[in-house]
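Fold and contact review
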Amino acid sequence: MAASASELVSGVRRAVVKIGSSLLIDAQTGGPDTARFEAIAGALARWRARGIETVLVSSGAVALGRKRLNLPAGKLALDQKQAAAAAGQTALMMAWNGALEPHGMPAAQALLTFDDMESRRRWLNARATLDALLTAGALPVINENDTVATAELRYGDNDRLAARVAQMCDAELLVLLSDVDGLYSADPSRVPGAKLVAHVAAITPEIEALGGEPGKAGTGTGGMASKIAAARIAARAGIATIIAAGAEDDPLDRLSRGAPHTVFAPETSRSNARRSWISGAIAPRGKLHLDDGAARAVRSGKSLLPAGIARVDGEFSRGETVALAGVDGAVLAKGISAYGAEELRRIAGLRSADIEAVLGYRRGVAAIHVNDLVLEDQG
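So, here is what we can say about the structure in this document. (Residues numbered from 1 in each chain as written. Predicted model: local features only at pLDDT ≥ 70, side-chain atom pairs only at ≥ 80, totals over all residues. Heavy atoms only, no water.)

As a further point, take unusual backbone geometry. Located in the positive-phi region is Asn70, a residue other than glycine, with phi close to 55°. One can find Asn70 in the loop between helix 4 (61-68) and helix 5 (78-100). One non-glycine residue, Asp170, lies in the positive phi region at around 60°. As for its placement among the helices and strands, Asp170 is situated in the loop between helix 8 (157-168) and strand 5 (173-178). (Helix = DSSP H or I, 4+ residues; strand = E, 2+ residues; numbered from the N terminus.)

Structural data, given as structure tokens:
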């Protein structure tokens, strides 16, 4: 039986919520819709009180910057968009700070680019930063770093960015707040009898066709097509996606009370998706030779500690996939290394407690965490 939004939310530990410009910008003034910012902030605070760690992906910088710089209506040139993003991002964060402060939730800005999300090393650095912010009780507010874009800004980037952020921070749920309450069988503004599609088990060409063409009007650049694209990214990573209306006083709480929405089911579990990604590495960048104790520990489902590494072959960076071999040289597992090759050579054979004394820092006690390990017979 398909899970509803209330069932999904009840078991969530970490979620990513994305909200677009059309819900945040006052159509009359071009400035922040203060009531909307406050409503979202209150909903996020209530989720935090329930134990749900939330990362917010917020659009709105270009729209706010257009107003602040008195830029003309209509299509902007790339340099104008970049200037608007620079001017508007400060206004966007001021609005979120003002809305979140009464709830004791510091807003923490994080601007990401395509390169940040596709480079494994940057991905790991960004993930570590988000983890630290959430642990400290802050609310990460993420936007695309449009100011340094090298290609024209594309519609829907923040929908897809939100899906990638959900992957990066190991979220169980992606919520896309929209100006409609889900995916419909036809455009509900044009077809009175259009019906809400409450559950999508698989994103087929027929489902994609329901997304229509990218919208041109309004302050936002996304549309239902971009949300379906984001749901596909999340589904392949084992993450469920909910599309729901964001123009309500308590848009997140309403999900728990059965408000209309569309759920996109994940294609696999998050653990299976991660295992498939790791085991699919055809050519690991290096090889770690383990002693007998470490090999047994890895086979029994434990992390690889530096103390169990006898030799490091190859050159690789933190976050790259490496092979793990036993004393007989046979590969027994693959994993994502928490340290680069040169770092591992310096700490190989040492206790985890000695890592910081040798390197001057420590990213963790394990050379490869158990969640980043796949045994060869599991691939």
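Another point: the pairing of strand 4 (residues 139-144). The element strand 4 is extensively covered by neighbouring structure, given that 6 of its 6 residues are classed as buried. Covered by surrounding structure in strand 4 are Leu139, Val141 and Asn143 together with Pro140, Ile142 and Glu144, the residues of both alternating faces. Examined bridge by bridge, strand 3 (residues 107-112) and strand 4 share 6 bridges and lie parallel to one another. If you follow Ala107 over to strand 4, its bridge partner there is Leu139. (Buried < 20%, exposed > 50% of the residue type's maximum accessible area, 1.4 Å probe, protein only. Pairing = 2+ DSSP bridges.)

Let us now look at the packing of aromatic side chains. Centre distance and the angle of the planes are the two values used to describe a pair of aromatic rings. Using the criterion set out here, one finds 1 aromatic pair in the structure. On the numbers, 4.6 Å between centres and 65° between planes, the contact of Phe37 with Trp96 is edge-to-face. Pair noted here: Phe37 is in helix 3 (residues 34-49) and Trp96 is in helix 5, with a separation of 59 residues, a long-range link. Judged by its relative accessible area of 1%, Phe37 falls in the buried class. Of the residues examined, Trp96 reaches a relative accessible area of 0% and is grouped as buried. (Phe/Tyr/Trp six-rings, centres within 6.5 Å; stacked < 30°, edge-to-face > 60°.)

The next point concerns helix 10 (residues 224-236). Look at helix 10: 19 Å from first C-alpha to last across 13 residues, which is about the 18 Å you get at 1.5 Å a residue. Counted residue by residue, helix 10 has 10 buried out of 13 residues, so it is predominantly covered. Listed in full, the buried residues belonging to helix 10 are Met224, Ala225, Ser226, Lys227, Ile228, Ala230, Ala231, Arg232, Ala234 and Ala235. Within two residues after helix 10, Gly238 carries a phi angle of roughly 80°, on the positive side. (Expected span 1.5 Å × (residues − 1).)

Following the sequence through the fold, Leu196 ends up in strand 7 (residues 196-197). Sequence separation between Leu196 and His261 is 65 residues; the distance between their C-alpha atoms is 7.8 Å. Ignoring sequence-local partners within four residues, the contact set of Leu196 consists of Asp181, Gly182, Leu183, Tyr184, Pro260, His261 and Thr262. (Contact = heavy atoms within 4.5 Å.)

Attention now goes to the sheet that holds strand 4. The 8 strands are arranged 3-4-2-1-5-9-10-8 in an open sheet whose pairing can be described as mixed. The open sheet is flanked by strand 3 and strand 8 (199-200), the only strands paired with a single partner. Bridge count for strand 9 (residues 240-245) against strand 10 (residues 261-264) is 4 bridges, and the pairing is antiparallel. Among the inter-strand pairings, Thr241 is bridged to a residue of strand 10, identified as Phe264. Together, strand 1 (14-19), strand 2 (53-58), strand 3 and strand 4 form the strand contacts of helix 5, whose direction differs from that of strand 3 by roughly 150°. Across the face of the sheet, helix 7 (residues 120-135) comes into contact with strand 1, strand 2, strand 3 and strand 4 while running at roughly 145° to strand 4. (Axes fitted to C-alpha atoms, helices over the stretch in contact; angles between N-to-C directions.)

Before going further, it helps to examine the packing of helix 4 against helix 5. Relative placement of two packed helices is described by the angle separating their axes and the distance separating the axes. For the pair helix 4 and helix 5, the least separation of the axes is 6 Å and the interaxial angle reads 100°. By the angle class used here, helix 4 and helix 5 are roughly perpendicular. Contacts from Ala61, Val62, Leu64, Gly65, Arg66 and Arg68 of helix 4 reach helix 5 at Lys81, Ala84, Ala85, Ala87, Gly88, Gln89, Thr90, Ala91 and Leu92. (Parallel < 35°, antiparallel > 145°, perpendicular 65-115°, else oblique.)

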